Amino acid sequence: MITSLRITPARPGNPFVAQVEQISGQKILACYQCGNCSAGCPMSDHMDVLPNQIIRMVQLGMREQLLASKSIWACVSCMTCNSRCPKNVRIAEVIEALREIVLRTNDRRDCLHITELSPETIAALPPIAIISSMRKLTS
Amino acid sequence: MKLSYYPGCTLKSHARNFDDSTVASMARLDVEVKELANWNCCGTVHGLTSDNLIQRMAPVTNLIRAKEESANAFMTSCAMCYNTLKRANQHVRADAEALATINDFLSLETTKYTGDVDVLHLLEVLRDQVGFEKLAAKVKRPLKGLRVACYYGCLLVRPQEVAIDDVENPTVMEKLVEALGATPVRFALKTECCGAYHTVGQPEVVADRTNRIMGNAHSGGADVVVVSCPLCAHNLDHRQQEARRLNSNFHHMPVLYFTQLMAIALGCDKTVLCFDLHHVDPEPTLAGLGLV
């Protein structure tokens, strides 16, 4: 897990920051790093970068590190962070934008390959699980 | 009272117990539930991007179906369908340009959607239209002695603008189970996420959530957990085997839909409960209290 960040030459206003703001509809610079989002996140145990760190890294334009992180796929859009953010930043929307940036690129790096599951596994899963996972994790 | 009803895909397959117990218990409350004709998938998960209107097409098509039946509102008991349909409805009501684009895209539809259909969750209908006092008066078999942990998960309470109750401490289901004669227990994790769709690709993540959430319900003294979402139901019930592997002290506990408790208390036929669809059979617990 990253506990400190080395600040890179990228800065707010770069195309990546603008792209995330456009897809998510969020004002990334509103975040003042209180950490409420990470404190309440049910998926934080499975993340390599915590939600508040994700927002900071977006502010700093750290595109490659974010798009390669496990965290953007661990987030399950439960919206706990959104409902507790004192600055009304919708963190789940920001993380969805990061997933979308990966899924909208030509190589379509899907995070779920449903055809690799056995027919028995698929039959045991309710439609609500299969559809929602494909909506979130595949291009 | 008549009410249009949107069941959703999972209620017609893995969660038939939710569908059957909804329809049967509403009939006991003198509510005539009419399933919408030709409904389609709700969209299953509200898309969070601001630039992708295609994700609003499925929910808006359902709103058109309701409008074609002259319904100014419809009810669903599935928390996912409720959340997805209601959020799409709020989006197009607030954004005239988006609504116009969607209507243009759906050019083969003879009815245009104008934001004139309300989406309701069954718990709201029970609280605001039927009333818990009236419900209590219809109870034939009070659920005496049954200690219930009410689980809301995410979709009934987040985000704030679609929450059916307090975001952090909802109590509407507790009031319902009290009206049925059962005893709600303290349940700190009632709005904690169950891990949702990770059950497909990472079932071990969901097993960990199930271990914590069901463990918290058990330590609160619950006999059963009640839910309103077929995905939560699947995770909290069917992932208990994996949860036991993570934690040898894990205590198996039945997971029921709130409508199943209603069906029992209101004296509906046992066939609507479909206990064969459950992983942890609720029958021994309920039979031990003389309820089934």
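The rules behind each value
Residues numbered from 1 in each chain as written. Chains lettered and ligands numbered in written order. Predicted model: local features only at pLDDT ≥ 70, side-chain atom pairs only at ≥ 80, totals over all residues. Helix = DSSP H or I, 4+ residues; strand = E, 2+ residues; numbered from the N terminus. Rg over C-alpha atoms; globule rule 2.2 N^0.38 Å. Contact = placed C-beta atoms within 7 Å. Pairing = 2+ DSSP bridges. Right-handed = clockwise from strand over helix to strand, strands pointing away. Nonpolar A, V, L, I, M, F, W, Y, C, P; charged D, E, K, R; others polar. Buried ≥ 20, exposed ≤ 12 C-beta atoms within 10 Å, placed from the backbone. Domains from an automatic or database assignment. Axes fitted to C-alpha atoms, helices over the stretch in contact; angles between N-to-C directions. Core = buried A, V, L, I, M, F, W, Y, C linked by C-beta atoms within 7 Å. pLDDT = per-residue confidence, 0-100.

Enquirer: Describe the overall build of chain B, naming the residues involved and giving the relevant values.
Expert: A tally of helices and strands in chain B yields 13 helices and eight strands. The C-alpha atoms of chain B give a radius of gyration of 19 Å, which matches the 19 Å a tight globule of 292 residues would have. Expressed as lengths along the three principal axes of its C-alpha atoms, the size of chain B is roughly 55 × 45 × 30 Å. A sequence separation of at least 24 residues applies to 80% of the contacts in chain B between residues at least 6 apart.

Enquirer: Could you give me a rundown of the pairing of strand β1 (residues 2–5) of chain B, with the residues and numbers involved?
Expert: Residues and elements named next belong to chain B. Across four bridges, the pairing between β1 and strand β2 (residues 32–35) is parallel. Within β2, the position partnered with S4 by the bridge is K34. Read as a crossover between parallel neighbours, the route from β1 over helix α1 (residues 16–28) to β2 is right-handed.

Enquirer: Let's hear about the interface of chain A and chain B: which residues, and what values?
Expert: Listed as interface residues are 31 residues of chain A and, on the opposing side, 32 residues of chain B. Sorting the residues of the side of chain A that touches chain B by element identifies α1 (15–24), α6 (80–84), α7 (91–103) and α9 (127–137) of chain A as the ones contributing at least two each. A total of ten residues in the side of chain A that touches chain B trace back to one element, the largest contributor, which is α9(A). Partitioning the side of chain A that touches chain B into residue classes produces 16 nonpolar, ten polar and five charged.

Enquirer: Quick rundown of the environment of A:L67? Include the residues and the values.
Expert: Residues and elements named next belong to chain A. Along the chain, L67 turns up in helix α4 (residues 63–67). According to the C-beta neighbour criterion, L67 is partly exposed, with 15 such atoms within 10 Å. Separated by 14 residues in sequence, L67 and Q53 place their C-alpha atoms 13 Å apart. Filtering out sequence-adjacent residues up to four positions away, L67 remains in contact with L98, I101 and V102.

Enquirer: An account of the domain arrangement of chain B is needed here, citing residue identities and associated values.
Expert: Residues and elements named next belong to chain B. Domain boundaries in chain B define domain 1 (2–122) and domain 2 (141–288). Using only C-alpha atoms to locate each centre, domain 1 and domain 2 end up separated by 25 Å. Tallying the contact residues gives 23 residues for domain 1 and 25 residues for domain 2. Looking at the side of domain 1 that touches domain 2, the element that brings in the most residues is α1, giving nine residues. Looking at side-chain class alone, the side of domain 1 that touches domain 2 contains eight nonpolar, ten polar and five charged residues.

Enquirer: Which residues make up the sheet that holds strand β3 (residues 73–76) of chain B, and what are the values?
Expert: Residue and element names in this part refer to chain B. Pairing within the open sheet is parallel, and its four strands lie in the order β2-β1-β3-β4. The open sheet has two edge strands with one neighbour each: β2 and β4 (118–121). Each strand of the sheet is rotated relative to its neighbour by a mean of 40 degrees, with strand direction disregarded. Bridge count between β3 and β4: four bridges; the pairing is parallel. Counterpart to A73 in the pairing with β4 is D118.

Enquirer: Describe the nonpolar core, naming the residues involved and giving the relevant values.
Expert: One finds A:V94, B:V225, B:V226, B:V227, B:L236 and B:L261 to be the most contacted residues of the largest nonpolar core, which totals 137 residues. No other element matches the seven residues that helix α3 (residues 79–94) of chain B contributes to this core. Residues contacting B:L261, with those up to four places away along its chain left out, are B:L143, B:V177, B:L180, B:A182, B:V226 and B:L256.

Enquirer: An account of the confidence of the model for chain B is needed here, citing residue identities and associated values.
Expert: Close inspection of predicted coordinates is inappropriate in any region flagged by low pLDDT. Chain-level statistics for chain B give a pLDDT mean of 97 and a share of 100% at 70 or above. For this predicted complex, the interface confidence score (ipTM) comes to 0.95, while the overall pTM stands at 0.96.

Enquirer: Lay out the domain arrangement of chain A in plain terms, naming residues and giving numbers.
Expert: Interfaces are often sized by the accessible area lost when the parts come together. By domain assignment, chain A separates into domain 1 (15–105) and domain 2 (110–139). Computed over C-alpha atoms, the centres of domain 1 of chain A and domain 2 of chain A are 24 Å apart.

Enquirer: Tell me what's going on with unusual backbone geometry, and back it up with residues and numbers.
Expert: The linkage connecting B:R158 with the following residue, B:P159, adopts the cis geometry, with an omega of -5 degrees. Its place among the elements puts B:P159 in the loop between β5 (147–150) and α7 (172–179). Positive phi, close to 65 degrees, is recorded for A:Q33, a residue that is not glycine. Note that A:Q33 resides in the loop between α1 and α2 (36–40). Located in the positive-phi region is A:M79, a residue other than glycine, with phi close to 75 degrees. Of note, A:M79 is situated in the loop between α5 (71–74) and α6.

Enquirer: Account for the sheet that holds β5(B), naming residues and giving values.
Expert: Residue and element names in this part refer to chain B. With parallel pairing, four strands are arranged side by side in an open sheet as β6-β5-β7-β8. Of all the strands in the sheet, just β6 (183–184) and β8 (255–257) have a single pairing partner and so form its edges. As paired strands, β5 and strand β7 (residues 224–227) are joined by three bridges and run parallel to one another. Residue pairing for β7: C150 is matched across the bridge by V226. Packing of α7 onto the sheet brings it into contact with β5, β6 and β7, and relative to β5 it is tilted by some 160 degrees. Of the strands in this sheet, β7 and β8 are in contact with helix α12 (residues 258–265), which crosses β8 at around 75 degrees.

Enquirer: Residue-level account of the environment of B:V117, with values.
Expert: All names here are of chain B. Checked against the element boundaries, V117 lands in the loop between α4 (96–105) and β4. Here the alpha-carbon distance between V117 and T199, two residues 82 residues apart in the chain, equals 33 Å. In contact with V117, other than residues within four places in its own chain, are L63, A66, K67, A71, N72, A73 and F74.

Enquirer: Pulling in residues and values, what's your account of the environment of B:G131?
Expert: Within the element layout of this structure, B:G131 appears in the loop between α5 (122–130) and α6 (132–137). A C-alpha to C-alpha distance of 23 Å links B:G131 and B:K190, two positions 59 residues apart in sequence.

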